[in-house]
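Reading the structure
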Amino acid sequence: KAGVTQTPRYLIKTRGQQVTLSCSPISGHRSVSWYQQTPGQGLQFLFEYFSETQRNKGNFPGRFSGRQFSNSRSEMNVSTLELGDSALYLCASTPSGSYNEQFFGPGTRLTVL
Amino acid sequence: AQKVTQAQTEISVVEKEDVTLDCVYETRDTTYYLFWYKQPPSGELVFLIRRNSFDEQNEISGRYSWNFQKSTSSFNFTITASQVVDSAVYFCALSEAGTGTASKLTFGTGTRLQVTL
């Protein structure tokens, strides 16, 4: 069974631009969560999608948004990029999100210049 | 609010030594789940274990063992006879039933384990 895949793996953007990251969960998994990892703040929960609906949201500004498609693939978007958005963005999937372990992808490393 | 504390920022051991990684959590929920993840240099988080709040039995998996004590709100992880391949950052995480979904993990700051020959 293929694992969680994330594209692209690396991305360089400049301040003010916007970016879209993609995540394909493990086949059959319907819940997709996103996390941001930075040296200063550590791993922080962004949001979770289940059956195309946002089911939970972390404490991030509205510049961070996401969506989920009918095939469970998910995208997250960051608009008006700031230097502080430079981070490793991790996506995780679970069958239903019901207290099961989350399987993480390799992440997308975003650098904002 | 929930919180996970991993007081050990970095630990260095020589191969074959035993090492314990500490994790202390805070939560007001009576139903919650605790996790340990490993993050090797490649960056991908690897699931190691999940434990629910009603199961305080310790668990052993090969060289890995976990000690869950509700009385001290701790969920410590021990690696016996450490190996170089164990070098990684280890994260403890908490998920509360009150958040409506277990997918919202609150992570500790991680402990970097360096195992040398």
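Scope of this entry: the structure provided in the associated data block. (Residues numbered from 1 in each chain as written. Chains lettered and ligands numbered in written order. Predicted model: local features only at pLDDT ≥ 70, side-chain atom pairs only at ≥ 80, totals over all residues. Heavy atoms only, no water.)

Between chain A and chain B, the residue contacts involve 23 residues of the former and 19 residues of the latter. In this assembly, chain A packs against chain B so that about 1800 Å² is buried in total across both faces, 55% of it on carbon and sulfur atoms. Taken together, the links from chain A to chain B amount to 0 salt bridges. At the boundary of chain A and chain B, one finds 3 residue pairs in polar contact (both at pLDDT 80 or more). Within the residue set of the side of chain A that touches chain B, elements represented by two or more residues are β4 (31–38), β5 (42–50), β6 (53–57) and β9 (87–94) of chain A. Element by element, the count of residues in the side of chain A that touches chain B is highest for β4 of chain A, at 4 residues. Of the residues that constitute the side of chain A that touches chain B, the class distribution is 8 nonpolar, 10 polar and 5 charged. (Contact = heavy atoms within 4.5 Å. Buried area = accessible area lost by both parts, 1.4 Å probe. Salt bridge = Lys/Arg side-chain N within 4 Å of Asp/Glu carboxyl O. Polar contact = N/O pair within 3.5 Å; in protein donor to acceptor, adjacent residues only side chain to side chain. Helix = DSSP H or I, 4+ residues; strand = E, 2+ residues; numbered from the N terminus. Nonpolar A, V, L, I, M, F, W, Y, C, P; charged D, E, K, R; others polar.)

Here we come to the side chain of Thr108 of chain A. Checked against the element boundaries, Thr108 of chain A lands in strand β11 (residues 108–112). Among the polar contacts made by the side chain of Thr108 of chain A, one reaches the main-chain carbonyl oxygen of Pro8 of chain A at a distance of 2.5 Å.

All names here are of chain A. Side-chain alternation along β11 places Thr108, Leu110 and Val112 on a buried face and Arg109 and Thr111 on a face that remains uncovered. Here 3 bridges tie β9 to β11, and the two strands are oriented antiparallel to one another. Within β11, the residue paired with Leu88 across the bridge is Arg109. (Buried < 20%, exposed > 50% of the residue type's maximum accessible area, 1.4 Å probe, protein only. Pairing = 2+ DSSP bridges.)

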